[in-house]
Amino acid sequence: MTTTGPTITHPIGTTPLVRKLVTEWDSISAKPRTLRAVNRWALPGGQVHHLDEVLVRSGYGLEPRNQAGDAVLFSLVQRAASDELAARIVLQRILPPLIAIAGRRGQLASGGFNEALNETIGQAWILIRTYPVDRRPAKVAANLVRDTEYFAFVRGSRLKRVEVEQWVDDATERIAIPEQEPDAHCELSELIEKAVKHGLHGSPLQLIMRLSSGETMEEIAAEAGVCVRTVRTWRRKAITELRERMQCAA
């Protein structure tokens, strides 16, 4: 079953989360307050009369290599770090491939499709809010979809195969999620989402997310072309800011 806007058709089925997302989208798509906010962004293509128009302009249903759509989507993820509406539009833009990921991964998940979809959507939301705009200005949809599947279903299983490192000073250079707490990932996601809502974004948030997903100081330093000590300083500042944001949220 589907629900149809003025320009495109959205996926929907019996899954509660999909129903919730599409119902939410229907409720905001033509709301004057929402449209006024979006039109202040001055997106290419003129005034927006329905949010489905933004999806089409950002490449929904078009060829993945559509450069005009990719450029609009990039402008949305640039805003998404500090603008929840922009992030919500990006999530709707990539919803079909996210559902496809959950369909594949749900065959292996103990909770089936529903569990896989919850994990997929949660990870996608975090990646949208923390998208590295400085490093990945092109192929935005493909990057988000690929990264979502990797961090939601691949990275964790790889890390579990790594032997536990000896607890020395540098052991704190990972933000680890204890395996004995099955809801730790959800708790971390909620924590970071709250911090985003209270102003944490940009480089500090990106660093927190990369460390929480299991990347090491050495990997981040090598990619950035700096020494590990510099990344350690970045981490300390990012964690301090995260704590300050959460104190404001308390």
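Calculation notes
Going along each chain's sequence as written, the residues are numbered from 1 onward. In view of the model being predicted, local features appear only for residues whose pLDDT reaches at least 70, and side-chain atom pairs are presented and counted only at 80 or more, with totals across whole chains, interfaces and linings using the full set of residues. Working from all heavy atoms in the structure, the side-chain values ignore hydrogens and water. Starting at the N terminus, helices and strands are each numbered in turn, a helix being any DSSP run of H or I of at least four residues and a strand any DSSP run of E of at least two. Contact criterion: two residues are considered in contact whenever any of their non-hydrogen atoms come within 4.5 Å of each other. Shrake-Rupley sampling with a 1.4 Å probe provides the accessible areas, and residues are treated as covered by the protein chains on show and by no other component. Put simply, a patch holds well-exposed residues, over 30% relative accessible area, that have no salt bridge, with like charges counted together within 9 Å and Val, Leu, Ile, Met, Phe, Trp or Tyr side chains within 5 Å. Here a salt bridge means any side-chain nitrogen of Lys or Arg lying within 4 Å of a carboxyl oxygen belonging to Asp or Glu. In this charge count, Lys and Arg are treated as positive and Asp and Glu as negative; neither His nor the chain ends contribute. One atom stands in for each charge, and that atom is NZ of Lys, CZ of Arg, CG of Asp or CD of Glu. For the exposure calls, accessible area comes from a 1.4 Å probe over protein chains only, and a residue counts as buried if that area is under 20% of its type's maximum, exposed if over 50%, partly exposed in between. Residues grouped as a nonpolar core are buried Ala, Val, Leu, Ile, Met, Phe, Trp, Tyr and Cys residues, joined through side-chain atoms within 4.5 Å. Contacts described as polar in this section are N or O atom pairs within 3.5 Å, which, within protein, must combine one atom able to donate a hydrogen with one able to accept it, while residues neighboring in sequence count only if both atoms come from side chains. The predictor attaches a confidence to each residue, and that confidence, scored 0 to 100, is pLDDT. Note that the arc is computed from the directions linking the helix axis to the C-beta atoms. Throughout, an axis means a line fitted to C-alpha atoms (over the contacting stretch in the case of helices), and angles, computed between N-to-C directions, take values from 0 to 180 degrees. The labels follow the angle: roughly parallel below 35 degrees, roughly antiparallel above 145, roughly perpendicular from 65 to 115, and oblique for the rest. As a working rule, the residues Ala, Val, Leu, Ile, Met, Phe, Trp, Tyr, Cys and Pro are called nonpolar, Asp, Glu, Lys and Arg charged, and the rest polar, with Gly in that last group.

Within the chain, the regular secondary structure consists of twelve helices and two strands. Going from N to C terminus, the chain has its helices and strands arranged as β-β-α-α-α-α-α-α-α-α-α-α-α-α. Long-range contacts, defined here as pairs at least 24 residues apart, represent 61% of the contacts in the chain between residues at least 6 apart. Taken as a whole, the chain presents about 13800 Å² of accessible surface, with 53% of it coming from carbon and sulfur.

Here we take up a positive patch on the surface. A cluster of basic residues, Lys31, Arg33, Arg36 and Arg40, forms a positive patch at the surface. Position of arginine 36 relative to the elements: it lies in helix H2 (residues 32–39).

A separate point is the pattern of salt bridges. Considering all chains together, one arrives at five salt bridges under this definition. Note that arginine 88 is salt-bridged to glutamate 24, the shortest N-O span being 2.3 Å. Remark: glutamate 24 occurs in helix H1 (residues 16–28) and arginine 88 occurs in helix H5 (residues 84–93); sequence separation between them is 64 residues. On the basis of relative accessibility, which here comes to 34%, the residue glutamate 24 falls in the partly exposed class.

Val38, Ile89 and Leu144 are the most contacted members of the largest nonpolar core, which has 50 residues in total. Going through the elements one at a time, H1, H2, helix H3 (51–57), helix H4 (67–80), H5, helix H6 (95–105), helix H7 (112–129) and helix H8 (140–160) are the ones with two or more residues in this core. Counting residues in each nonpolar core, the second largest holds ten residues, with Leu207, Ile208, Met217 and Val231 among its members.

Relative to the helices and strands, threonine 230 is located in helix H12 (residues 228–249). Sequence separation of threonine 230 and methionine 217 is 13 residues, and the distance between their C-alpha atoms is 9.4 Å.

Once that is clear, we can look at unusual backbone geometry. Where the residue is not glycine, phi is negative for most of them; where a peptide bond is considered, it is trans in most cases. In the Ramachandran plot, alanine 42 falls in the positive-phi region, its phi being about 55° despite a non-glycine side chain. Tracing the sequence through the fold places alanine 42 in the loop between H2 and H3. In this structure alanine 42 comes out as exposed when scored by relative accessible area, which is 62%. A positive phi angle, near 55°, is found at lysine 139, a position not held by glycine. Turning to its location among the elements, lysine 139 is positioned in the loop between H7 and H8.

The next thing to look at is H5. With nine of ten residues buried, H5 lies mostly within the body of the structure. Near the N-terminus of H5, the side chain that reaches the backbone nitrogen of leucine 85, with its oxygen 3.0 Å away, is that of aspartate 83.

Residue-level pLDDT values for the chain average 78, and 72% of them are 70 or greater. Counted against residues more than four places away or in other chains, residues 1–5, with its pLDDT under 50, gives eleven contacts. The low-confidence segment residues 158–185 (pLDDT under 50) makes 28 contacts with residues lying over four places distant or belonging to another chain.

You can see serine 58 is positioned in the loop between H3 and H4. Take serine 58: its relative accessible area is 1%, and that puts it in the buried class. Not counting chain neighbours up to four residues away, the residues in contact with serine 58 comprise Gly69, Val72, Leu73, Leu76 and Arg93.

Looking only at helix H11 (residues 217–224), the buried set comprises Met217, Ile220 and Ala221. Seen along its axis, H11 keeps its buried residues to an arc of 100°; they face one direction. Glycine 225 lies just past H11 and shows a positive phi near 75°.

For the rest of this paragraph, the subject is the packing of H5 against H6. At their nearest, the axes of H5 and H6 sit 5 Å apart, and the two run at 60° to each other. Classified by the angle their axes make, H5 and H6 are oblique. Counted together, Leu91, Gln92 and Arg93 of H5 and Leu95, Pro96 and Leu98 of H6 form the full contact between these two elements. Of the residues that constitute the contact of H5 with H6, the class distribution is four nonpolar, one polar and one charged.

Turning next to the packing of H1 against H7. Contact geometry for H1 and H7: axes closest at 9 Å, N-to-C directions at 45°. Between H1 and H7, the angle is such that the two are oblique. Counting all contacts with H1, which are made through Pro16, Leu17, Val18 and Leu21, the residues of H7 involved are Asn114, Leu117, Asn118 and Ile121.

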